[in-house]
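# Summary of structural features
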Amino acid sequence: MEELKQRILKDGQVLEGNILKVDAFLNHQVDSGLMKRVGEEFGRRFAPLKPDKILTAEISGIAPALQAGVALDVPVVFARKMRPITMPKNAFERHVPSRTKGGETLLLVSPEYLHPKERVVIIDDFLATGQTLNALANIVVEARAQVLAFGVVVEKVFEGGREALEDWNVPLESLVVIERMSSKKIVFR
């Protein structure tokens with residue numbers, strides 16, 4: 001998506017540790033128009049798969065996943081990072097490392113919202129190491145549902161996430177792929 005590339009070049013900032021800060025339009029303040037177009041693009045790419053549901057992780061995955069859900073006319077479920085008192089004890093859960101928060105993050109999905117045999121597309125904001133997407137896919141499998149595909153807004157190909165997801169043997173759609181980056185330059189595929 002050329003518009004997304006231009007927005008990253010305009011408003012993105014490369015921080016220490018290969019962190020790409022896109023808070024101006026995706027991770028803190030959300031550009032709703034851009035996210036609408038992101039969702040439409042995911043919708044175009046995933047419509048042939050006929051998903052029943054989209055799964056993402058809070059909080060940064062919600063905006064693109066929700067817009068994709070609107071485009072595909074399917075519900076969106078997000079993995080929570082803290083257990084609310086309303087969540088059943090038998091929730092699906094995984095621990096994943098968090099580079100932006102440090103330490104580990106807990107991902108929780110209520111079994112009320114992910115059912116056996118559902119066809120699920122997993123969407124997130126970034127693909128770096130693939131650990132979050134792997135954790136979400138394992139939750140789908142634990143729910144006895146089917147992982148149809150992965151979709152990411154930004155893939156940092158140099159961090160190996162695509163390779164970490166190969167065993168799933170499903171499509172991986174990245175709207176923007178970054179080959180390399182530094183504080184001075186971002187190089188797109």
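Above this text you will find the structure in question.
So, a few notes on the structure that sits alongside this text. Keep in mind that this is a model prediction, so the values were computed, not measured. The written sequence of each chain sets the order in which its residues are numbered from 1. This being a predicted model, a pLDDT of at least 70 is required before a residue's local features are given, and a value of 80 or more before pairs of side-chain atoms are given or counted; all residues contribute to the totals for chains, interfaces and linings. By convention in this description, side-chain values take in all heavy atoms of the structure and omit both hydrogens and water.

Runs of H or I in DSSP of at least four residues are treated as helices and runs of E of at least two as strands, each being numbered from the N terminus. In this scheme, a helix's expected span is set at 1.5 Å multiplied by one less than its residue total. The first and last C-alpha atoms of helix H5 (residues 131-142) sit 16 Å apart over 12 residues, in line with the 16 Å expected at 1.5 Å per residue. Inspection of H5 places Leu133, Asn134, Ala135, Leu136, Ala137, Ile139 and Val140 among the buried residues, and these make up the whole buried set. Phi turns positive, to about 65°, at Arg144, one or two residues after H5. Each residue gets one of three labels from its accessible area relative to the maximum for its type: buried under 20%, exposed over 50%, partly exposed in between, using a 1.4 Å probe on protein chains only.

Another aspect to go through is the side chain of Asp125. For Asp125, the position within the fold is in strand S7 (residues 119-127). Counted charges follow a simple rule, with Lys and Arg positive, Asp and Glu negative, and His plus the chain ends left uncounted. In the sections that follow, a salt bridge refers to a side-chain nitrogen of Lys or Arg positioned within 4 Å of a carboxyl oxygen of Asp or Glu. Although Asp125 is buried, it makes no salt bridge; Lys81 carries the closest opposite charge, 7.7 Å away. Two N or O atoms form a polar contact when they lie within 3.5 Å of each other; inside protein one atom must be a possible hydrogen donor and the other a possible acceptor, and for residues adjacent in sequence the pair counts only when both atoms belong to side chains. Here Asn27 takes part through its side chain, which lies 2.8 Å from a polar atom of the side chain of Asp125.

A few words on the pattern of salt bridges. In total, this model carries 14 salt bridges according to the counting rule given. Residue Asp11 is joined to Arg7 by a salt bridge in which the shortest nitrogen-to-oxygen separation is 2.5 Å. Here Asp11 pairs with Arg7, and both are found in helix H1 (residues 2-11), just four residues apart, close to one helical turn. On the accessibility criterion, Asp11 (25% relative accessible area) is partly exposed. Two residues, Lys36 and Glu40, come together in a salt bridge whose shortest N-O distance is 3.0 Å. Placement of both Lys36 and Glu40 in helix H3 (residues 32-46) is noted, with a separation of four residues, approximately one turn of the helix. The class of Lys36 is partly exposed, set by a relative accessible area of 45%. Note on Glu40: relative accessible area 38%, which makes it partly exposed. Ionic contacts of the salt-bridge type, sharing partners, join the residues Arg7, Lys10, Asp11 and Asp31 into one network.

It is worth spelling out the packing of H3 against helix H4 (residues 62-72) at this point. Interhelical geometry of H3 versus H4 gives an angle of 55° and a closest axis separation of 7 Å. Overall, the two elements H3 and H4 adopt an arrangement that is oblique. Crossing of H3 against H4: the hand is right-handed. Contacts between H3 and H4 involve Met35, Lys36, Val38, Gly39, Glu40, Phe42, Gly43 and Phe46 from the former and Ala63, Pro64, Gln67, Ala68, Ala71 and Leu72 from the latter. When its residues are assigned to classes, the contact of H3 with H4 shows nine nonpolar, three polar and two charged. Lines fitted to C-alpha atoms define the axes, with helix axes restricted to the stretch in contact, and inter-axis angles between N-to-C directions lie between 0 and 180 degrees. For classification purposes, an angle smaller than 35 degrees is called roughly parallel, one larger than 145 roughly antiparallel, one from 65 to 115 roughly perpendicular, and anything else oblique. A clockwise turn of the near helix away from the far one marks a right-handed crossing, whereas an anticlockwise turn of less than a right angle marks a left-handed crossing. By definition in these notes, contact holds between two residues if any of their heavy atoms fall within 4.5 Å. Any residue that is not Ala, Val, Leu, Ile, Met, Phe, Trp, Tyr, Cys, Pro, Asp, Glu, Lys or Arg is counted as polar, Gly included; the first ten are nonpolar and the last four charged.

With respect to the secondary-structure elements, Lys156 resides in strand S8 (residues 146-156). Relative accessible area serves as the criterion here: at 4%, Lys156 is assigned to the buried category. Reaching out from Lys156, the side chain makes a polar contact with the backbone oxygen of Asn18 at a distance of 2.5 Å.

Let us look at the sheet that holds strand S4 (residues 76-79). We treat two strands as partners when DSSP finds at least two bridges between them. The mixed open sheet is built from six strands, whose spatial order is S4-S3-S7-S8-S9-S10. Only two strands of the sheet have a single neighbouring strand rather than two, namely S4 and strand S10 (186-188). Strand-to-strand, the axes of this sheet are offset by a mean angle of 30°, without reference to chain direction. For S8 and strand S9 (residues 172-181), the ladder comprises six bridges, and the chain directions are parallel.

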